[in-house]
Amino acid sequence: MSTPDPVVAALAAGQVVHAGAQLDVWLRDGSRVSTRVVSASGDADESRSWRHEGTVLVAGDVDEQAMQLGLRARLRTSMVGSDGRTYWAPLVTGTITARHRTLGGAAWTIRLRSPEWRIARAGFTTKRTLAGSAFNAAAVLVAEAMPGRRVYVDPRLQDIPLSAREYEPGDDTRLRAIQDVAAACGAVFYATPGGTLTL
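Owing to the predicted nature of the structure, the values given are computational and were not obtained by experimental measurement.

### Things to note about the packing of aromatic side chains
Scanning the model with the defined rule gives one aromatic pair in all. Directly above the aromatic system of Tyr 190 lies the positively charged group of Arg 51, at a separation of 4.3 Å from the ring centroid. Here the basic side chain of Arg 76 rests over the ring of Trp 88, its NZ or CZ set 4.4 Å away from the ring centre.

Here you go:
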């Protein structure tokens, strides 16, 4: 996609201009639906269990099947560079945790939360003891809550053996355990805007 010459000429080398936004939703059958965004807002906040959150307004004619709670979704923005090309960057990738349709059905408002939200909701139901490889412990705890998901480990980190740690059942216990494992390695556990779970 190219950008009109007057816009390109106004940009300094390396400068970008936000041109639009798009919402991608993965349906339960694995297919992806994309729709343009009317408006969106969001933030990254390290003080809460999930780092990224976004609120998205899309047109009301979007199929309700793409607005279901629990579906994986990605809000991304397009940026026009000084080279005239359009680049896409994720703002938040995660789970649809709330939805609302306006009176008359003119628009949908949905809320997205990054993957740590799902892990926080999958607290331990029985007492749990962690020991052994820190990297393995983090990978197992994530996979139990989100089957098929992996943890990207920064190659500068070194695995360490964990001394036995016990966790009582309860809300947020799984996420707290993963955060403790990360801290033991001198790292932080979080999801990137693209949804990659990272140590």
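Here the narrative resumes, following the displayed structure.
### A look at the pairing of strand β7 (residues 107-113)
Burial runs high along β7: five of the seven residues are buried. In this sheet, β7 lies alongside strand β4 (residues 52-59) in antiparallel orientation, the contact comprising seven bridges. Bridge pairing links Glu 53 to Arg 113 in β7. Inspection of the sheet shows strand β6 (residues 86-101) paired to β7 by six bridges, in the antiparallel sense. The residue of β7 that forms the bridge with Thr 95 is Arg 113. Following β6, the chain reverses through five residues before pairing antiparallel with β7; Gly 104 in that reversal takes a positive phi of roughly 90°.

Conventions we followed
Residues numbered from 1 in each chain as written. Predicted model: local features only at pLDDT ≥ 70, side-chain atom pairs only at ≥ 80, totals over all residues. Heavy atoms only, no water. Phe/Tyr/Trp six-rings, centres within 6.5 Å; stacked < 30°, edge-to-face > 60°. Lys NZ or Arg CZ within 6 Å of the ring centre and 35° of its normal. Buried < 20%, exposed > 50% of the residue type's maximum accessible area, 1.4 Å probe, protein only. Helix = DSSP H or I, 4+ residues; strand = E, 2+ residues; numbered from the N terminus. Pairing = 2+ DSSP bridges.

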